[in-house]
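Topology and contacts: notes
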Amino acid sequence: QVQLVESGGGLVQAGGSLRLSCAASGRTFSTYAMGWFRQAPGKEREFVATINRSGTYTYYVDSVKGRFTISRDNAKNTVYLQMNSLKPEDTAVYYCAAKPTVTSVRAQEYRYWGQGTQVTVSS
């Protein structure tokens with residue numbers, strides 16, 4: 001069992017930055033690939049970024065490439081999402097998720113989810 005708790009969301013102006021954190025419980029964090037997803041009002045949950053167990057491989061949705069960076073610290077059981085050059089269309093609830101072994105862009109493959117943190121970007 002893994003419990004995930006996101007933090008770091010908030011209100012920011014367009015062009016600004018935020019760093020989201022996701023703290024995981026348990027001693028097996030390094031055995032899980034991690035992902036960030038987001039859901040805007042009236043829209044389906046969308047893949048944002050994923051990182052492998054060792055942190056050596058990352059993958060992003062095209063709309064955030066060059067602006068967002070996913071990273072992890074296995075010693076701290078934490079995964080991060082650094083978000084720069086934020087746009088109003090980035091406004092959503094952001095969720096972190098964990099899945100055993102390899103990375104994926106498919107939400108249904110992730111076993112554990114956090115409660116989400118709201119990110120609002122004003123124009």
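Relevant structure appears above.
Below, the structure is looked at part by part. (Residues numbered from 1 in each chain as written. Predicted model: local features only at pLDDT ≥ 70, side-chain atom pairs only at ≥ 80, totals over all residues. Heavy atoms only, no water.)

**Considering the sheet that holds strand β7 (residues 68-73)**
What the 4 strands build is an open sheet, ordered β1-β3-β8-β7; its pairing is antiparallel. Only two strands of the sheet have a single partner each, and these edge strands are β1 (4-7) and β7. Within this sheet the neighbouring strands show an average axis-to-axis angle of 15 degrees, counted without direction. Examined bridge by bridge, strand β3 (residues 18-24) and strand β8 (residues 78-83) share 6 bridges and lie antiparallel to one another. Bridge pairing in β8 links C22 to V79. (Pairing = 2+ DSSP bridges. Helix = DSSP H or I, 4+ residues; strand = E, 2+ residues; numbered from the N terminus. Axes fitted to C-alpha atoms, helices over the stretch in contact; angles between N-to-C directions.)

**Concerning the pairing of strand β11 (residues 117-122)**
The alternating pattern of β11 places T117, V119 and V121 on a buried face, while none of Q118, T120 and S122, on the opposite face, is buried. As defined by bridge partners, strand β9 (residues 92-100) adjoins β11 across 3 bridges and the pair is classed as antiparallel. Bridge pairing links Y94 to T117 in β11. (Buried < 20%, exposed > 50% of the residue type's maximum accessible area, 1.4 Å probe, protein only.)

**Re the pairing of β8**
Most of β8 is tucked away: 5 of the 6 residues are buried. Note that β7 and β8 share 6 bridges and pair antiparallel. Looking at β8, one finds that D73 is bridged to T78. Hairpin connection, β7 to β8: the antiparallel pair is bridged by 4 residues, and N77 has positive phi, about 55 degrees.

**Quick look at the state of the cysteines**
Any covalent bond linking the sulfur atoms of two cysteines counts as a disulfide. Applying the stated criterion across every chain, the model contains 1 disulfide. The side chain of C22 participates in a disulfide bridge whose partner is C96; the two sulfur atoms lie 1.9 Å from each other. The chirality of the disulfide connecting C22 with C96 is right-handed, given an S-S dihedral of about 45 degrees. Of the two residues, C22 is situated in strand β3 and C96 in strand β9; the sequence distance between them amounts to 74 residues. Per residue, the accessibility class of C22 equals that of C96, and both read buried. (Disulfide = S-S within 2.5 Å.)

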